[in-house]
Structure formats: structure tokens, C-alpha cells
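Here's the letter readout for the chains.
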Amino acid sequence: MPAGSPDKVKWGSEVTSKRCRVRRQNFGFVAGAVCRRLTRKEGPPYNENSFVSILRLFDLASNPMHQTRPDHLEEFIRSLVCECRGVYAPDFDRVKRSVGYAEEDLRRYLGTYYPRSLLETYDIASELFRKIFGTEVRTDGELKILDLGCGLGGASAGLLFAVLERFGVRKVSVDGFDANEASLRTFERILASESFALARAELRRLEAPGAQAEVVVRLKRARIDSERFDLLGDESRYDVILTSKMLNELPVERKYFRFLETYLPHLAQNGLCFVIDVNDRREGRYISQRLSEETLAFLGRHDGFECLLPPGCRDCAKRGLPCGGFNQFVCRESNFDRLNPLAARGVSKVCCRVFCRSPLYRHFRPKLTRFDFLASEAGGNHVYCPRLHS
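Just so it is clear, the model here is predicted, and its values are computed rather than measured. (Residues numbered from 1 in each chain as written. Predicted model: local features only at pLDDT ≥ 70, side-chain atom pairs only at ≥ 80, totals over all residues. Heavy atoms only, no water.)

**Student:** Would you explain the nonpolar core in this entry?
**Tutor:** Note that soluble globular proteins tend to have their nonpolar side chains buried in a common cluster. Membership of the largest hydrophobic core comes to 70 residues, with the highest contact counts inside it found for Trp 11, Phe 76, Tyr 114, Phe 129, Leu 272 and Phe 274. Here this core takes ten residues from helix H3 (residues 114-133), the largest share from any one element. Excluding its chain neighbours within four sequence positions, the residues that come into contact with Phe 274 are Ile 124, Ala 125, Leu 128, Leu 159, Val 240, Ile 241, Leu 242, Thr 243, Arg 353 and Val 354. Leu 146, Phe 229, Leu 247 and Ile 287 belong to the second largest nonpolar core, which has 31 residues in total. (Core = buried A, V, L, I, M, F, W, Y, C linked by side-chain atoms within 4.5 Å. Buried < 20%, exposed > 50% of the residue type's maximum accessible area, 1.4 Å probe, protein only. Helix = DSSP H or I, 4+ residues; strand = E, 2+ residues; numbered from the N terminus. Contact = heavy atoms within 4.5 Å.)

The following block contains the structure:
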């Protein structure tokens, strides 16, 4: 059992302040967490030898995947795109070089790619919280989040909504780093927007567990490169570390391995690290295959961490990794023009891995076998972990 209550996993730390305001700091932006205690349901005893053998197709009839998102998410996105004059203009090549975006580029990004990043992260985190964390996690204080390559904050927003809808923290602190000052200014405008204020008000109307939370966001311009990969330079700890679609842009060798080696030591005892990236094919391989290869290389050297999702990669690697390292998450109804009511609603596709420290992995390991991201529920090419539906 991870450190904390003998009955529950403790996520987060004690609240140190009760501010609720919006301001820009030298390193920061404050936009002013998940307070009830969740009780753990007893499950079967942990059996380390049974994990591989009991992977199976989950019963879709009795345990259907959540099919609808809350209305307030799409309402927030549509309102924000309108308020900030976002433009739907997909540009597959240009989006790979977002670090050089100017104001007009950011308007196109806001209308096209911001909604995808928000919904992708929201869907992944919501499924994790609902199906694995369940009622075994209690939070009674502050969650500290680190977002590396935060951009306009789409992934941070998706994670934030997933947390506030599920948990009752009193404060969420987000430290965001990005190389583009214009992106950070847009992130600030989004936090100060009427659309964001209305979305928070809707959470309060719905009495979401974290609706009253104070949200503190601190933003700093900084660039990760081969010479300076560690932007923290200290021993700070975070409950969630997040990077979304940033690593594929770095001209750095073994960037996924270096990211894990650099930033996983900054995870709190029961912390989570989300590594999300595009999954297009480059130099003959999908990005997810490179991520898988470097993940296994990292896990081979570091016994204190595990890949929470997809689960069991260490075990698979001993048998030749039948999936070939490919995993992909298909996010439905994320890719369309929010300002065109007749627009066809398309999907977006990313690869994702979630990491944690070994004690947390051992605690949740029996539940990981029931994590049912299945192709039959989300359409073609949705292969989160092939063993779960083979």
C-alpha cells in the first residue's frame, strides 16, 4: 500500500493558502483543488503472479464505457473559440513547429488544436480516475501539477476539468513551462476569459466535488533542449506531471528516455505522469513505437517506476512485445469547426503512457486488467493495449 491512510491512497498535500484571485507574477499566473474523503472498496488481494494470465476482454454489456462528456466542456470550448476569435484551419506541417507561433498562428491553433488537446487529456484522465482510481483515492488538500510544453494550456484545462469533476480538492496549483511567450500570454487570457469563468460557475451549479477549488497557475518561459533538459533544477515534487505533444518537436536524441529519467524523480509518492504525443509515422515508425522502446529502456534501468497505462509492458517485453510497441488513443468528436453548426465531427489520435512509482502500481495492478479502452467502442485504430481485446 502506498504511503498514507491504511485504507485509502492519499493524493495531494496540505493546502498552504486560501487565495482566490487572478494575477501575473514574475513566475506565475494565479487564477483562483479536489475536499471530500473517498472511501476505499475492498478488492481481491494482490497476486503478483496472476497479472498476465487474467487479462481479458471486459464485459461491455455490464460495464459500458462512458459514452458522453458533460455538456459544459463543449460549451466552454465553443464559447472560448468565439470569445478569442479562434479559427478552424488545420495545418499538419505547421503544427509541428508551434514553438515559433505568432498571434495569428495562435488564433488558428486555438480554433483547431486546442479543443483536441483539451478533450484528449480529459478523456484519458477521466477514464483513469473513474475506472482505476474509483473510490480508492482520497484528496483533502492541494494537488500540484507540472505541465511541460504547456502552450495555450489545452491539456492542463482538460486535466483540470477531469480533476474538479471527480475529486474534492481545495486547491490545484499548476506550474506551466513553454518556450513561446505569445502562447503563455494566450494561456493567461484564457484563464481570465469570461468563458472560463462561466465554466467554473457551471461546475459550482452542478455541485461538482472540486467546484469551489482555488486554482493557481504559474507560467514561465523556458525552452527544453539537449543542453538544458531539466527546467526545474531542484527537488520539487508534483502530484501530476504532464506533457502533451511537445516531445515530438524536440530535436533531441532519446528524448522520451531523457524526459522520464529527468522528470519522474519529481513525482510525489502517489503521483502520476502523463506523456501524450501525436502518433504519426516518422522515419518508418510510429511515434508510439519510439515511446514504447524508450519506455522499456527506462524501466529496465529504474526499478522504482512503472508504466501504469498501458499496464504490464515489462511482462510483455519478456515475450517480445506482441503489440510491436504501437498504442493509440482515438478521441471522438474532437476535430471540427466549433463555429460551424453543420460541421462534421471528426476524431483525433494520440499515443499516451501514464507512469507512477512502483508502490502505486502494485496497489492498482488488479484493476488495470479491467481498463477497457477498446476498439469496438471508439471506432477503428483505437488500440490502447492490444492484450485487453485480443
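**Student:** Help me understand helix H10 (residues 358-368) in this model?
**Tutor:** An α-helix turns once per 3.6 residues; consequently, residues spaced three or four apart project the same way. Extensive coverage of H10 is indicated by the burial of eight of its eleven residues. Turning to H10, its buried residues number three or more, namely Ser 358, Leu 360, Tyr 361, His 363, Phe 364, Arg 365, Lys 367 and Leu 368.

**Student:** So what exactly am I meant to see when it comes to the pattern of salt bridges here?
**Tutor:** Pairing between side chains of opposite charge can happen when the charged atoms of each approach one another. One pass over the full model with this rule turns up 15 salt bridges. As a salt-bridge pair, Arg 338 and Glu 74 come within 2.8 Å of each other at their nearest N and O atoms. Of this pair, Arg 338 sits in the loop between strand S13 (329-335) and strand S14 (346-357) while Glu 74 sits in helix H1 (residues 71-83), and the two are 264 residues apart along the sequence. A residue is classified by how much of its surface remains accessible, and Glu 74, at 14% relative accessible area, is buried. As a salt-bridge pair, Glu 120 and Lys 245 come within 2.8 Å of each other at their nearest N and O atoms. (Salt bridge = Lys/Arg side-chain N within 4 Å of Asp/Glu carboxyl O.)

**Student:** What is the right way to read the packing of aromatic side chains from this model?
**Tutor:** Pairs of aromatic rings are described using the distance from one ring centre to the other and the angle between the two planes. For the coordinates displayed, the defined rule picks out 14 aromatic pairs. With 6.0 Å between their ring centres and 40 degrees between their planes, Phe 298 and Phe 305 make a pair best called tilted. Assigned by exposure class, Phe 298 and Phe 305 land together as buried. Through a chain of ring-to-ring contacts, the aromatic side chains of Trp 11, Phe 129, Phe 133, Phe 167 and Phe 364 assemble into a single cluster. Geometry around Phe 257 places Arg 254 over its ring, the cationic atom sitting 4.5 Å from the centre. Directly above the ring of Phe 336 sits Arg 338, whose terminal nitrogen or CZ lies 3.9 Å from the centroid. (Phe/Tyr/Trp six-rings, centres within 6.5 Å; stacked < 30°, edge-to-face > 60°. Lys NZ or Arg CZ within 6 Å of the ring centre and 35° of its normal.)

**Student:** How do you make sense of the side chain of Arg 353 when you look at a structure like this?
**Tutor:** For Arg 353, the location among the structural elements is in strand S14. Reaching out from Arg 353, the side chain makes a polar contact with the side chain of Ser 292 at a distance of 2.8 Å. (Polar contact = N/O pair within 3.5 Å; in protein donor to acceptor, adjacent residues only side chain to side chain.)

**Student:** Before we go on, may I ask you to explain the environment of Asp 105 in this structure?
**Tutor:** Summarising the element assignment, Asp 105 is placed in helix H2 (residues 103-112). Owing to a relative accessible area of 11%, Asp 105 belongs among the buried residues under this scheme. Here the alpha-carbon distance between Asp 105 and Ser 183, two residues 78 residues apart in the chain, equals 9.8 Å. The contact partners of Asp 105, leaving out residues within four places of it in the chain, are Arg 94 and Gly 100. Separated by 2.6 Å, the side chains of Asp 105 and Arg 108 make a polar contact.

Scope: geometric values only; no functional claims are made or implied.
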